[in-house]
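Understanding the architecture of this molecule
So you can see what is in the structure, the chains are spelled out below.
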Amino acid sequence: MIATKSRSDLKQNREKNLREMEEMSLREVSLDIKNLTKIYPTPKGEYVVLEDLNLRVREGEFISIIGHSGCGKTTLLTMIAGLNEITGGQILLNEFPITGPGPDRGVIFQSPSLFPWMTALENVLLGVRQVFPGGSKKEQQDICKYYLSKVGLEDSFFKKASDLSQGMQQRVGIARAFALKPKILLLDEPFGMLDSLTRGELQDVLLDVWNREKITAVQITHDVDEAIFLADRVIMMTSGPKAQVGDILKIEFDRPRDRKQILEHVDYYKYREYLIDFLEH
Amino acid sequence: MKAKAIQLLNYSGFSWAVPIVKLASGEDIKQQFTILWKRIGMPFCAIVLFLFLWSVAAKNVQTSLGVLPGPVMVYHQANVLWQEHMGERTKAREFYARQDARNTAILQQNPDATIKTVSYPGKATYIDQIITSLKTVFMGFVIASLIALPIGILCGSSKNVMTALNPIIQVLKPVSPLAWLPIVTMVISAVYTTNNGWFEKSFIISALTVSLCSLWPTLLNTAMGVASVNTDYINVARVLQLSPFKKTTKVVLPATLPLIFTGLRISLGVGWMVLIAAEMLAQNPGLGKFVWDEFQNGSSDSLARIMVAVITIGLIGFMLDQLMVALQRLVSFE
């Protein structure tokens, strides 16, 4: 663990962290968002959600994006996913611009979004078949079963998705995203609809699988504790309209992380205070 | 075992029989009897009351064919119709037995002799008419579904197609079968001249009329269902880059199935209602023709026989509906 930090230390880091992002060498950057702008046309004229937003994410890094609701977090994520059109600027994934949705970006949606008429296995298999069309049926199934087991569903392969609890459904959602072997994981408040106990459980499950795969991950959340526990860096977005990256906080806890240790760490509360302070002003 | 039986009853539309199963398995008698009274006893009382009012009222209505028949006379005629049917069946069996005996006798005398087999020339009984009606409605329903489902999917997936077709659909939807029938009759008479013996012309006319009237609920429900598929499902399909075909078969159709079945259920109900009218006018053998023939016949039994047909039509319509409900429950994923 690192040496304890004072609050002013964290504040001074602001400029440094923002500058560091600009200076990141392109080789280590996985996701590169350049001058991203999003404008929604409304009857009262144009509404600028994001303006000239810049963000770079390292290969294998886990970042959390927090901000007030309505600040454009979800707009940002859906644009990275390719589900939402870009008005201006560019999003590069491994140096290739994003033009539409694709399975190289595994999305974990806020609601589990499983197909209720399929079993857990079939839900994962649908994507795996798309990504590994050359594999034999057994190979494809084995991939699905591996990830379903990793999220703790080894007994529920053949259960209908509609028969699973919300928490279990979201576990399938996690397995589905990882099984695609994506270049990047996009998580849109994935645990927002769960009760706090299940949420904690699923954060552990997510981190456990993520620690093995180290896939670049971008997570949207409004839960400060979740952001700190999961991320290497927390990106704070200014409130909209014309939202941008307001501040960046490095979370310097070692991995793999243990919830209990982190909760007992002095820095945890400083990080927490800093984030809440940002959100309240 | 018990749970399975109850589930089966619920799925097949016999949920009123559930308390009987529970009674048989020794659950709280008093409670189950209360439920049983509510589910069976009350409707039973209503039916008895209805029959009573009917018989009282019918006695006071004099028609040119005699007094309006009450329930007893109708029940009697139902029996008569059944006896006629059984009688015809026996005659048919005897006819074929005689024919077979004659043919074997001929073949024994001269193995090279050409023999002829004739099908029984007796008239169609009431049960035959019911079977013909069921075949016709089924045929019409299948044709309607084959037309309505693809167009419905198309309308649901593209707003432009929906906007383009909507006026046509809305105008054709309320047209009565009686208006379609002359057109269908003329068209089929002009087009269907092959007479290969697969279908009677009148059968096709009735079936097509049924289709024309019953395809709209399926079409509109399918369109609505496809258009309102959960956007999350569509997003998942987009992220996985499913081909349009895969997207339709794996995501859109399963998600829409409950609504499609609601449409099919309404369509079948409409189709059955339309069929009777179509058969009456197209002279397709079936329940409609039976009613028409009895009306023309004008014997003292005719009104009672028509009432038997009315009750039969109602019961079959009810059973068809229950069948669709059972199917709908099977495909519903919620």
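Residues numbered from 1 in each chain as written. Chains lettered and ligands numbered in written order. Predicted model: local features only at pLDDT ≥ 70, side-chain atom pairs only at ≥ 80, totals over all residues. Heavy atoms only, no water.

To continue, consider the overall build of chain B. Secondary structure summary: chain B contains 12 helices and 2 strands in total. Each helix and strand of chain B, placed in order from N terminus to C terminus, yields the pattern α-α-α-β-β-α-α-α-α-α-α-α-α-α. Seen through its principal axes, chain B has C-alpha atoms that stretch 75 × 65 × 50 Å. Of all intrachain contacts in chain B linking residues separated by at least 6 positions in sequence, the fraction that spans at least 24 positions is 69%. When the accessible area of chain B is evaluated, it comes to approximately 19,600 Å², of which 69% is carbon and sulfur surface. (Helix = DSSP H or I, 4+ residues; strand = E, 2+ residues; numbered from the N terminus. Contact = heavy atoms within 4.5 Å. Areas by Shrake-Rupley, 256 points an atom, 1.4 Å probe, with all protein chains shown as cover.)

A tally of helices and strands in chain A yields 9 helices and 10 strands. Taking 2.2 N^0.38 as the reference for a compact globule, 281 residues should give roughly 19 Å; the C-alpha atoms of chain A span a radius of gyration of 19 Å, in line with that estimate. Viewed in the frame of its principal axes, chain A has a C-alpha envelope of about 55 × 50 × 40 Å. The buried share of chain A, reckoned over its 281 residues, is 54%. (Rg over C-alpha atoms; globule rule 2.2 N^0.38 Å. Buried < 20%, exposed > 50% of the residue type's maximum accessible area, 1.4 Å probe, protein only.)

Moving on to the domain arrangement of chain B. One frequent convention defines the size of an interface as the accessible area lost when the parts assemble. All names here are of chain B. Taken domain by domain, chain B comprises domain 1 (2-60) and domain 2 (126-331). Seen at the junction of domain 1 and domain 2, the total is 0 salt bridges. Connecting domain 1 to domain 2 are 0 residue pairs in polar contact (both at pLDDT 80 or more). Looking at the side of domain 1 that touches domain 2 residue by residue, the classes come out as 2 nonpolar, 3 polar and no charged. (Domains from an automatic or database assignment. Salt bridge = Lys/Arg side-chain N within 4 Å of Asp/Glu carboxyl O. Polar contact = N/O pair within 3.5 Å; in protein donor to acceptor, adjacent residues only side chain to side chain. Nonpolar A, V, L, I, M, F, W, Y, C, P; charged D, E, K, R; others polar.)

As a further point, take the side chain of Ser211 of chain B. All names here are of chain B. With respect to the helices and strands, Ser211 occurs in helix α8 (residues 201-227). Residue Ser211 is classed as buried on the basis of its relative accessible area of 2%. Polar contacts involving the side chain of Ser211 include one to the main-chain carbonyl oxygen of Gly140, which spans 2.9 Å. Those residues in contact with Ser211 that sit more than four places away from it in its chain are Gly140, Ile143 and Ala144.

Below, the discussion takes up the side chain of Thr119 of chain A. With respect to the element layout, Thr119 of chain A can be found in the loop between β6 (105-108) and α3 (120-131). What Thr119 of chain A contacts, discounting residues up to four positions off in sequence, is Phe157, Phe158, Lys159, Lys160 and Ala161 of chain A.

What follows covers the pairing of β6 of chain A. Residues and elements named next belong to chain A. Side chains Arg105 and Val107 of β6 all project onto a buried face; the interleaved residues Gly106 and Ile108 project onto the opposite face, where all are buried too. Bridge analysis of β6 against strand β7 (residues 184-188) gives 4 bridges, and the strand direction is parallel. What sits directly across from Gly106, in β7, is Leu185. (Pairing = 2+ DSSP bridges.)

Residues and elements named next belong to chain B. Inspection of every chain in the model, using the stated rule, returns 13 aromatic pairs over all chains. Arranged with centres 5.8 Å apart and planes meeting at 45 degrees, the rings of Trp292 and Phe295 form a pair that is tilted. One end of the pair is Trp292 and the other is Phe295, both in helix α11 (residues 287-297) and 3 residues apart, which spans about a single turn. With a relative accessible area of 55%, Phe295 lands in the exposed category. (Phe/Tyr/Trp six-rings, centres within 6.5 Å; stacked < 30°, edge-to-face > 60°.)

Turning our eyes to something else, we now look at the sheet that holds strand β5 (residues 96-97) of chain A. Residue and element names in this part refer to chain A. Strand order in the open sheet formed by 4 strands is β2-β1-β4-β5, and the pairing between neighbours is antiparallel. What marks the edges here is a single partner per strand, and that holds for β2 (45-58) and β5. In this structure, strand β1 (residues 29-42) lies alongside strand β4 (residues 88-93), joined through 5 bridges in antiparallel fashion. Note on β4: the bridge partner recorded for Lys34 is Gln90. Helix-sheet contacts for helix α2 (residues 73-81) involve β1, β2 and β4, and the interaxial angle to β1 is about 115 degrees. (Axes fitted to C-alpha atoms, helices over the stretch in contact; angles between N-to-C directions.)

This part is about the interface of chain A and chain B. Counting residues at the interface gives 22 residues for chain A and 15 residues for chain B. Taken together, the two surfaces of chain A and chain B that pack against each other cover about 1,800 Å², and 68% of this comes from carbon and sulfur. Counting every contact that joins chain A to chain B gives 0 salt bridges. The tally of links between chain A and chain B comes to 7 residue pairs in polar contact (both at pLDDT 80 or more). Of all the elements in the fold, those that place two or more residues in the side of chain A that touches chain B are β6 and α3 of chain A. If you tally residues by element for the side of chain A that touches chain B, the top one is α3 of chain A, at 4 residues. Tallied by class, residues from the side of chain A that touches chain B come to 12 nonpolar, 7 polar and 3 charged. (Buried area = accessible area lost by both parts, 1.4 Å probe.)

Below, the discussion takes up the pattern of salt bridges. Residue and element names in this part refer to chain A. Across all of its chains, the model carries 22 salt bridges over all chains by this definition. Here Lys181 and Glu213 are joined by a salt bridge, their closest N and O atoms 4.0 Å apart. A residue pair is termed long-range when its members are at least 10 positions apart, and Lys181 in the loop between α5 (166-179) and β7 and Glu213 in helix α6 (residues 196-213) qualify at 32 residues. By relative accessible area, which is 48% here, Lys181 ends up partly exposed. Here Glu213 falls in the partly exposed class, since its relative accessible area comes to 22%. Asp204 serves as the salt-bridge partner of Arg259, at 3.3 Å between the closest nitrogen and oxygen. Residue Arg259 is located in helix α8 (residues 259-264), and its partner Asp204 is located in helix α6; the two are separated by 55 residues in the primary sequence. Classification of Arg259 by relative accessible area gives partly exposed; the value is 27%. The class for Asp204 is partly exposed, based on a relative accessible area of 37%.

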